[in-house]
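Coordinate analysis (summary)
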Amino acid sequence: MKSTKFTPASKLSKAEIDRKWWEVGDFFRRNSLWMLMYCTGCCAIELPPAMTSAYDMERLGMGPMATPRQADILLVSGYLSLKTLRRLIYTYEQMSEPRYVVALGSCPINGGIYHDSHAVINKLDQYIPVDVYVAGCMPNTESVMNGFVDLMDQIKRKTAVGWKKYHENNAWYKENQKTSLGEVVVHDEFHE
Amino acid sequence: MTNSMNNIEFVNDLVKGTVEVVKSEVIDKFQVSFEIKKNEVHLLLTKLKSAGWIQLSYLSAIDWLEENKFELIYILMNWEKPVYIQVRTKIDRENPVMDSILPIFGGAKYYEREAHEFFGIAFPGNPDYEKQLILEGWDDIPPLRKDFDPKAYSDKKFPQRDYPQDYSVKDPKESKQAKREARKQRAESLRGGKKQ
């Protein structure tokens, strides 16, 4: 009787074994993505149809998550005021790695219709790394779903490396945060 | 007192018997506005509160740049006689000071802080009015004043996204605008032909 045991043709090196394990890890990672939804703006209205029976996001293994420590994706939907951005950076830094950022709508790309507002930032990727942008004001639900599929593809091809960039260029990100926000620590009567 | 027109007459008599009204307007059958002098606001608000207008629904400010005035609007609501009363008063824009109405309406505390933050109006009598409420680390003139330019502030403070040249359509031959105009003109010429 032929053995069902898998025997590789040649002995694998340690690097190859590590790579295989990462591939296995990435398979599970991209098929169980939990989202922390930072719904600040109007694009959040695209999420109910994406999650319910129309597009049923859960068949991709995606679901909402309540806390940053257990979430994989930080979903930024809509405009970000300075006040929100400060909390968003807090949230992003609390998430465990690997972590991915998906930005919905034109506001995180270039400010959108709020590009001339005194309180709204114009480029999100100055402050935290963004893996996938979904363009549109608002993006329709198909493109939102397409954005998530793109993210899965990026994880498979190992190009969703925003969280690594945040480590490598941390000084640059911190300086940008400080230039626009001042000190990033929150000082107000509710936090002291 | 179920008839709302009666209510408005009642309010008119009450206010005109108490203070000197500069301008008054009946907005609709549930809302009436009175413009009065700055130093009579507290008197009128006290009177209205004792007459049943116990709820301060809103306190806001308007910047009249050309008149060089700020206008403060106090909106009161009575749950027995359903009429909103707007009490309006104009204050100096250069040195905007208005005594706090905190002893009359405790709920004005946060409205006054907001007005101070967005317009720079001082409210002596309110212990917290200078505390930061909404804007964090603000470094310019109050943002809802008409002489504040949000676009210039945004350009100065936040980095803008640069787009590569080849993504913007600048070739007049490819202009969608011109094509659209031509299409519109042709459509109009056809329509004109049909009419005759």
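Residues numbered from 1 in each chain as written. Chains lettered and ligands numbered in written order. Predicted model: local features only at pLDDT ≥ 70, side-chain atom pairs only at ≥ 80, totals over all residues. Heavy atoms only, no water.

1. Things to note about the sheet that holds strand 5 (residues 84-92) of chain B
All names here are of chain B.
- In space, the five strands of this open sheet follow the order 1-2-5-4-3, with mixed pairing throughout. Every other strand in the sheet has two partners, leaving strand 1 (21-28) and strand 3 (55-64) as the edge strands with one partner each. Across the sheet, the mean angle separating the axes of adjacent strands is 20° when strand polarity is ignored.
- Pairing between strand 2 (residues 31-36) and strand 5: six bridges, direction parallel. By the bridge assignment, Phe34 is partnered in strand 5 with Val87.
- Its contacts with the sheet put helix 3 (residues 108-119) on strand 3 and strand 4 (69-77), and the angle it makes with strand 3 is roughly 10°. (Pairing = 2+ DSSP bridges. Helix = DSSP H or I, 4+ residues; strand = E, 2+ residues; numbered from the N terminus. Axes fitted to C-alpha atoms, helices over the stretch in contact; angles between N-to-C directions. Contact = heavy atoms within 4.5 Å.)

2. Regarding the pattern of salt bridges
Residue and element names in this part refer to chain A.
- For the structure shown, the criterion picks out 19 salt bridges over all chains.
- A salt bridge links Arg157 to Asp153, with the shortest nitrogen-to-oxygen separation between them at 3.1 Å.
- According to the relative accessible area criterion, Asp153 is partly exposed, its value standing at 35%.
- Taken together, the shared-partner salt bridges connect Asp26, Arg29 and Lys158 into one network. (Salt bridge = Lys/Arg side-chain N within 4 Å of Asp/Glu carboxyl O. Buried < 20%, exposed > 50% of the residue type's maximum accessible area, 1.4 Å probe, protein only.)

3. Quick notes on the sheet that holds strand 2 (residues 62-64) of chain A
Residue and element names in this part refer to chain A.
- Read from one edge of the open sheet, five strands run 2-1-3-4-5, paired in parallel fashion. Edge positions in the sheet fall to strand 2 and strand 5 (132-134), since each of these pairs with one other strand and no more. The mean angle between the axes of side-by-side strands here comes to 25°, regardless of whether they run parallel or antiparallel.
- Both strand 1 (residues 33-39) and strand 2 contribute to a ladder of three bridges, which runs parallel. The residue of strand 2 that forms the bridge with Trp34 is Gly63.

Honestly, it's all geometry; don't read function into it.
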